[in-house]
Amino acid sequence: MNTTDSPLLDAAQRLHDIHNRMSKAARLASRKPEETRLIAVSKTFGPEDIKPLLQAGQRLFGENRVQEAQGKWPALKEKYPGVELHLVGQLQSNKAEDAVRLFDVIHSVDRSSLAKALAKAMEKTGQRPDCFIQVNIGEEEQKGGVSIDALPALLTETETLGLPIIGLMCVPPVEKDPAPYFALLSKLAKRHNLPRLSMGMSSDFETAIKLGATEIRVGTALFGSR
Ligand SMILES: *Cc1c(COP(=O)(O)O)cnc(C)c1O
């Protein structure tokens, strides 16, 4: 993936390329480029791979495991002010407190037990990261996310618990056209008056932007393959 001998130039170039593609997709959809935020998903990559992106100005990062993030982000957050850390992976209820302490945004609220654990952790720590509800948009057996049928009840519960839910998140089935799934997530968010949509990864973020994504989660296209 490296095109020069300078990790910093490479990172800046990759970031620039992604922003160009984001702007183009936004223009085609008559949206403003600044309506979509780029989350750089740095899971499996170490500080030496992450630093060039930080130096190139990127501040939004995503991780999928609490423990892995605890190992690398406290030091990076200290060194680079303004970092906003997003948890994009599955969260176990027993890690809710750690997650609430470290992350600024949690994308994967998908069940009652986790919602309760997060509410308790927020109460205890005084930290209130914004949250997305993850929807199992393709109704896949092995995937995380609340089923479409169970979404209204979960939203009622998170409201009762006082969780700061700002939108919906999904990961569509692999090897299928993601567009209908993104469109469905967008429709569900509108129906429930939720303003934000976390959808789109390296292979499909332009489609996601056309269908209303407000946050895209890009790993491979920025860091290379894992
Ligand atoms: C790994 C991951 C991403 C990034 O995927 P790429 O295909 O590498 O861009 C996005 N969202 C979630 C939930 C992930 O786990």
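Residues numbered from 1 in each chain as written. Predicted model: local features only at pLDDT ≥ 70, side-chain atom pairs only at ≥ 80, totals over all residues. Heavy atoms only, no water.

### Focus: the site of the ligand
Around the ligand, the surrounding shell consists of Val 41, Lys 43, Val 88, Met 169, Met 201, Ser 202, Arg 217, Val 218, Gly 219, Thr 220 and Arg 226. One of the side-chain N or O atoms of Arg 217 is found 2.9 Å from a nitrogen atom in the ligand. Contacts to the ligand include Thr 220, whose side-chain N or O atom sits 2.5 Å from an oxygen atom. Protein coverage of the free-state accessible area of the ligand, which is 390 Å², stands at 88%. Residue classes in the shell around the ligand are distributed as five nonpolar, three polar and three charged. (Near = heavy atom within 4 Å. Polar contact = N/O pair within 3.5 Å; in protein donor to acceptor, adjacent residues only side chain to side chain. Areas by Shrake-Rupley, 256 points an atom, 1.4 Å probe, with all protein chains shown as cover. Nonpolar A, V, L, I, M, F, W, Y, C, P; charged D, E, K, R; others polar.)

### What to know about the environment of Ala 121
Structurally, Ala 121 is set in helix 5 (residues 112-125). Ala 121 gets classed as buried once you look at its relative accessible area, which sits at 4%. For the pair Ala 121 and Gly 89, spaced 32 residues apart in the sequence, the C-alpha separation amounts to 18 Å. Beyond its immediate sequence surroundings of up to four residues, Ala 121 is in contact with Ala 96, Glu 97, Val 100 and Gly 126. (Helix = DSSP H or I, 4+ residues; strand = E, 2+ residues; numbered from the N terminus. Buried < 20%, exposed > 50% of the residue type's maximum accessible area, 1.4 Å probe, protein only. Contact = heavy atoms within 4.5 Å.)

### Points about the pattern of salt bridges
This model, assessed by the stated rule, comprises 13 salt bridges. With a shortest N-O distance of 3.1 Å, Arg 37 and Glu 215 are connected by a salt bridge. On the criterion of sequence distance, the pair formed by Arg 37 in strand 1 (residues 37-41) and Glu 215 in strand 8 (residues 215-218) is long-range, its members being 178 residues apart. For Glu 215, a relative accessible area of 1% gives the class buried. (Salt bridge = Lys/Arg side-chain N within 4 Å of Asp/Glu carboxyl O.)

### Structural notes on the side chain of Glu 63
Among the secondary structure elements, Glu 63 is positioned in strand 2 (residues 60-63). A polar atom in the side chain of Glu 63 sits 3.1 Å from the side chain of Lys 72. Excluding residues that lie within four positions of it along the chain, Glu 63 makes contacts with Ser 42, Lys 43, Glu 68, Ala 69, Lys 72, Trp 73, Leu 85, His 86, Leu 87, Val 88, Gly 89 and Phe 103.

### Structural notes on the packing of helix 1 (residues 7-28) against helix 2 (residues 47-55)
Between two packed helices, the angle of one axis relative to the other and the distance separating the axes together describe the packing. Axis separation between helix 1 and helix 2 bottoms out at 8 Å; the angle between their running directions is 60°. As for the relative orientation of helix 1 and helix 2, their crossing is right-handed in sense. Residues Pro 7, Leu 8, Ala 11 and Leu 15 of helix 1 pack against Pro 52, Leu 53 and Gln 55 of helix 2. Here the contact of helix 1 with helix 2 is built from residues that sort into six nonpolar, one polar and no charged. (Axes fitted to C-alpha atoms, helices over the stretch in contact; angles between N-to-C directions. Left-handed = near helix turned anticlockwise from the far one by under 90°.)

### Overview of unusual backbone geometry
The residue Ser 30 is not glycine, and still its phi comes out positive at about 55°. Structurally, Ser 30 is set in the loop between helix 1 and strand 1. Note on Ser 30: relative accessible area 70%, which makes it exposed. Non-glycine residue Asn 193 carries a positive phi angle of around 60°. You can see Asn 193 is positioned in the loop between helix 7 (179-191) and strand 7 (196-198). Look at Asn 193 and you get exposed, because its relative accessible area is 70%.

### Considerations on the pairing of strand 8
The alternating pattern of strand 8 places Glu 215 and Arg 217 and Ile 216 and Val 218 on opposite faces, both of which are buried. Across four bridges, the pairing between strand 1 and strand 8 is parallel. Looking across to strand 8, one finds that Ala 40 is bridged to Val 218. (Pairing = 2+ DSSP bridges.)

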